[in-house]
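Structural description and commentary
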Amino acid sequence: MEATNDRASEVKAFDEMKIGVKGLVDAGVTQIPRIFHHPHLNLTDSNLLLSSTTMVIPTIDLKGGVFESTVTRKNVIAMIRDAVEKFGFFQVINHGIPIDVMEKMKDGIRGFHEQDLDVRKKFYTRDITKKVKYNTNFDLYSSPSANWRDTLSCFMSPDVPKTEDLPDICGEIMLEYSKRVMKLGELIFELLSEALGLDPNHLKEMDCTKGLLMLSHYYPPCPEPDLTFGTSQHSDRSFLTILLQDHIGGLQVLQNGYWVDVPPVSGALLVNLGDLLQLMTNDKFLSVEHRVLANRGEEPRISVASFFVHPLPSLRVYGPIKELLSEQNLPMYRDTTVSEYTNHYMARGLDGKSVLLDFKI
């Protein structure tokens, strides 16, 4: 019990400094605080690690053909179906978001996290009513071990934030990038609907595109990268997530019991399904566990995860899609709401166990 109390007071002391992990790095720490230690971490377990050359996340080209030709669209849908049934992840290229917008977004987020501490501190909060939040780990108080990562988070839709509520250094690009991600997300939901044999607007009409939460992560270099994670093992609570990442790498996906590296592809965006869509498709599409290793390089890693998920409270009921069910395909999950699912997820924190199990029939 004493260790738990110790931990609670160490977490509180760190959080109240409002400096983030970046502040610890700037202060020149050579050993990471105990609250970041993951006691069972074994990154060198060869049984669990597979080199990235063995498995390549599928890359799907969304070039004009998705609209111009029925044949191309059918091919793309077949590739997406295959990817989400087998991997739960795919990369998209020629996705319509200009490279310079992606670069400016990464630069803006790096700029936010590296600006003067006094400016960053103004946004540091755990107050869930605040539109824009900056802090270290949403689950800092509930998870057994903290992760070496700071995050700027903000819902960009359905209520688009005002420029003046966003940080000066990255507000405009956040608005520009999120608008384009919404458009790309709508296209991907159409293709996923068709991959399920449904009308293209089916998932959109189920409000899957109704909210966009943007989490802009900063993973500073870590002095003891073998003791902690950048993000520990988890699956996403969203319908869908679109990830913009820089060239640093560190993301791994769990495939057939092995951790597989997902090397960044220049100009590509990574798309993965979230738990809510796995529940709605009755396990046809997969929400796959993934993690980010602590940064062992000299440069920070920047990533921007755009989650298609509703702001709370959200009382719309979701269960397995009726049109997909039959005598041979009975529902595997009970109905839930985004609010209920999120509450389970937040209470548990990123502890590596899928929250979906709580909703199995």
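These figures come from a predicted structure and were not determined experimentally.

So, on to helix H7 (residues 171-195). In this model H7 runs 36 Å from its N-terminal to its C-terminal C-alpha over 25 residues, within 8% of the 36 Å that 1.5 Å per residue would give. Directly beyond the C-terminal end of H7, a positive phi value near 80° is found at glycine 197.

Under the defined criterion, the tally for this structure stands at nine aromatic pairs. With centroids separated by 5.0 Å and ring planes inclined at 75°, the aromatic side chains of phenylalanine 36 and tryptophan 148 adopt a geometry described as edge-to-face. Separated by 112 residues along the polypeptide, phenylalanine 36 in the loop between helix H2 (20-26) and strand S1 (49-50) and tryptophan 148 in the loop between strand S4 (132-135) and strand S5 (150-157) bring together distant segments of the chain. In this pair, the class of phenylalanine 36 matches that of tryptophan 148, namely buried. Plain terms: the ring middles of phenylalanine 112 and tyrosine 134 are 5.2 Å apart, the flat faces sit at 80° to each other, and that makes the pair edge-to-face. Linking phenylalanine 112 in helix H5 (residues 99-114) with tyrosine 134 in strand S4, this pair joins segments that are 22 residues apart in sequence. Each member of the pair, phenylalanine 112 as well as tyrosine 134, carries the same accessibility label: buried. Among the aromatic residues, ring-to-ring pairing joins Phe112, Phe123, Tyr124 and Tyr134 into one connected group.

This part is about the side chain of histidine 234. Structurally, the position occupied by histidine 234 is in strand S7 (residues 229-234). Only 2.9 Å separates the side chain of histidine 234 from the backbone oxygen of serine 232, close enough to count as a polar contact.

Attention shifts here to the pairing of S7. With five of six residues buried, S7 is to be regarded as a mostly interior element. Sheet analysis places S7 next to strand S12 (residues 290-293), joined by three bridges and oriented antiparallel. In the sheet register, phenylalanine 229 faces S12, and the bridge partner there is leucine 293.

The next thing to look at is the nonpolar core. Nonpolar side chains in soluble globular proteins tend to be buried together. Counting 85 residues, the largest nonpolar core has Tyr177, Leu192, Leu203 and Met280 as its most contacted members. Tallying contributions element by element places H7 first for this core, with 13 residues. Once you skip the residues sitting within four places of it in the chain, leucine 203 turns out to touch Phe189, Leu192, Ser193, Leu196, Cys208, Leu277, Met280 and Ile321. The next biggest cluster of nonpolar side chains, apart from the first, holds 13 residues, and it includes Val11, Ile19, Ile32 and Ile35.

With that settled, consider the sheet that holds strand S8 (residues 240-245). Strand order in the open sheet made by the eight strands is S2-S3-S11-S8-S13-S6-S5-S4, with mixed pairing throughout. Pairing within the sheet leaves two strands with one partner each, and these edge strands are strand S2 (59-61) and S4. Across the sheet, the axes of successive neighbouring strands diverge by a mean angle of 25°, strand direction being ignored. Bridge count for S2 against strand S3 (residues 89-93) is three bridges, and the pairing is parallel. Its bridge partner lying in S3, threonine 59 is registered against glutamine 91. Running over the sheet, helix H4 (residues 70-86) touches S2, S3 and strand S11 (269-273) and is turned about 160° from S2. Across the face of the sheet, H5 comes into contact with S4, S5, strand S6 (212-219), S8, S11 and strand S13 (301-308) while running at roughly 65° to S6.

The buried fraction of S8 is high, at six of six residues. Neither face of S8 is exposed, since Leu240, Ile242 and Leu244 on one face and Thr241, Leu243 and Gln245 on the opposite face are all buried. Relative to S11, S8 is paired through four bridges, and the arrangement is antiparallel. The residue of S11 that forms the bridge with leucine 243 is leucine 270. Here six bridges tie S8 to S13, and the two strands are oriented antiparallel to one another. For glutamine 245, the partnering residue across the bridge sits in S13 and is serine 303.

The next thing to look at is the pattern of salt bridges. Under the counting rule described, the total for this entry stands at 20 salt bridges. Arginine 34 is the salt-bridge partner of glutamate 10, the closest N and O atoms lying 2.1 Å from each other. Here the residue glutamate 10 occupies a position in helix H1 (residues 2-17), and arginine 34 occupies one in the loop between H2 and S1, the gap between them amounting to 24 residues. Residues lysine 86 and aspartate 82 are paired through a salt bridge, measuring 3.1 Å at the closest nitrogen-oxygen approach. With lysine 86 and aspartate 82 both in helix H4 and four residues apart, this pair spans about one turn of that helix. Residue lysine 86 is classed as exposed on the basis of its relative accessible area of 52%. Linked through salt bridges whose partners overlap, the residues forming this network are Asp6, Glu10 and Arg34.

A word on the layout of surface pockets. Reported here for the largest pocket is a volume of approximately 1,300 Å³. Around the largest pocket, the lining is made up of 50 residues, and of these Ser153, Leu213, Leu215, Arg237 and Met346 lie nearest the centre. When residues in the lining of the largest pocket are grouped by element, the largest group, five residues, is from S5. Residue composition of the lining of the largest pocket, by class: 23 nonpolar, 17 polar and ten charged.

Definitions and limits used
- Residues numbered from 1 in each chain as written.
- Predicted model: local features only at pLDDT ≥ 70, side-chain atom pairs only at ≥ 80, totals over all residues.
- Heavy atoms only, no water.
- Helix = DSSP H or I, 4+ residues; strand = E, 2+ residues; numbered from the N terminus.
- Expected span 1.5 Å × (residues − 1).
- Phe/Tyr/Trp six-rings, centres within 6.5 Å; stacked < 30°, edge-to-face > 60°.
- Buried < 20%, exposed > 50% of the residue type's maximum accessible area, 1.4 Å probe, protein only.
- Polar contact = N/O pair within 3.5 Å; in protein donor to acceptor, adjacent residues only side chain to side chain.
- Pairing = 2+ DSSP bridges.
- Core = buried A, V, L, I, M, F, W, Y, C linked by side-chain atoms within 4.5 Å.
- Contact = heavy atoms within 4.5 Å.
- Axes fitted to C-alpha atoms, helices over the stretch in contact; angles between N-to-C directions.
- Salt bridge = Lys/Arg side-chain N within 4 Å of Asp/Glu carboxyl O.
- 1 Å grid on protein atoms, 1.4 Å probe; cavity = no way out; pocket = protein on both sides within 12 Å on 5 of 7 lines; lining within 4 Å.
- Points joined across faces, edges and corners; volume = space filled by probe spheres on them.
- Nonpolar A, V, L, I, M, F, W, Y, C, P; charged D, E, K, R; others polar.

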